[in-house]
Amino acid sequence: SVSGIHLLLARDFLRLIGYSALIAVPLSYFFYDKLFLYFLIRYGLGVGFIEIVASVLLLLLVGSVFIFWQTSNVVRTNPADNLRYE
């Protein structure tokens, strides 16, 4: 079914986005909140929990939209048309 194909194609890509968020969040928090604000701006507010969660959710939303868009293009193509040219 179409939803099964969407799930199969999107599962690995969403897993990769999740791994990248797990790597990027601590690194960016350390760089921005500890180094950047400490050396350049002594009286900064810093990065809070809400900003981190919002950025990860935005990352997952944008990634999901593009994955759904690309898998919809794959699902709508006719395999016979591709085999004709090969």
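Because the structure is predicted, anything quoted here is derived from the model rather than measured.

**Student:** In this structure, what is going on with the overall build of the protein? I would like to understand it.
**Tutor:** Across its full length, the protein carries three helices and zero strands. Starting at the N terminus and ending at the C terminus, the protein contains elements arranged as α-α-α. Surface summary for the protein: the accessible area is close to 7,200 Å², and the carbon and sulfur share equals 73%.

**Student:** What am I meant to see in the side chain of T71 here?
**Tutor:** Turning to its location among the elements, T71 is positioned in helix α2 (residues 49–76). In terms of polar contacts, T71 uses its side chain to reach the backbone carbonyl oxygen of F68, at 3.1 Å.

**Student:** Just checking my understanding: could you explain the environment of I17 for this structure?
**Tutor:** Inspection of the secondary structure assignment puts I17 in helix α1 (residues 2–39). Judged by its relative accessible area of 16%, I17 falls in the buried class. Each C-alpha atom of the pair I17 and S64 lies 9.4 Å from the other, and the pair is 47 residues apart in sequence. Setting aside residues up to four positions removed in sequence, I17 forms contacts with L59, L60, G63 and I67.

**Student:** How should I be thinking about α2 in this particular structure?
**Tutor:** In an α-helix, one full turn covers 3.6 residues, which means residues spaced three or four apart are oriented alike. For α2, built from 28 residues, the straight-helix expectation of 40 Å at 1.5 Å per residue is met to within 8% by its first-to-last C-alpha distance of 40 Å. Those residues of α2 that sit buried are G63, I67, T71 and S72.

**Student:** I keep staring at the pattern of salt bridges and nothing clicks. Help me out?
**Tutor:** Two side chains that carry opposite charge are able to pair once their charged atoms sit near each other. Counted according to the given criterion, the structure contains one salt bridge. Measuring nitrogen to oxygen at the nearest pair gives 3.2 Å for the salt bridge that ties R15 to D12. One end of the pair is R15 and the other is D12, both in helix α1 and three residues apart, which spans about a single turn. R15 sits in the partly exposed class, given a relative accessible area of 39%. By relative accessible area, which is 43% here, D12 ends up partly exposed.

What counts as what
- Residues numbered from 1 in each chain as written.
- Predicted model: local features only at pLDDT ≥ 70, side-chain atom pairs only at ≥ 80, totals over all residues.
- Heavy atoms only, no water.
- Helix = DSSP H or I, 4+ residues; strand = E, 2+ residues; numbered from the N terminus.
- Areas by Shrake-Rupley, 256 points an atom, 1.4 Å probe, with all protein chains shown as cover.
- Polar contact = N/O pair within 3.5 Å; in protein donor to acceptor, adjacent residues only side chain to side chain.
- Buried < 20%, exposed > 50% of the residue type's maximum accessible area, 1.4 Å probe, protein only.
- Contact = heavy atoms within 4.5 Å.
- Expected span 1.5 Å × (residues − 1).
- Salt bridge = Lys/Arg side-chain N within 4 Å of Asp/Glu carboxyl O.

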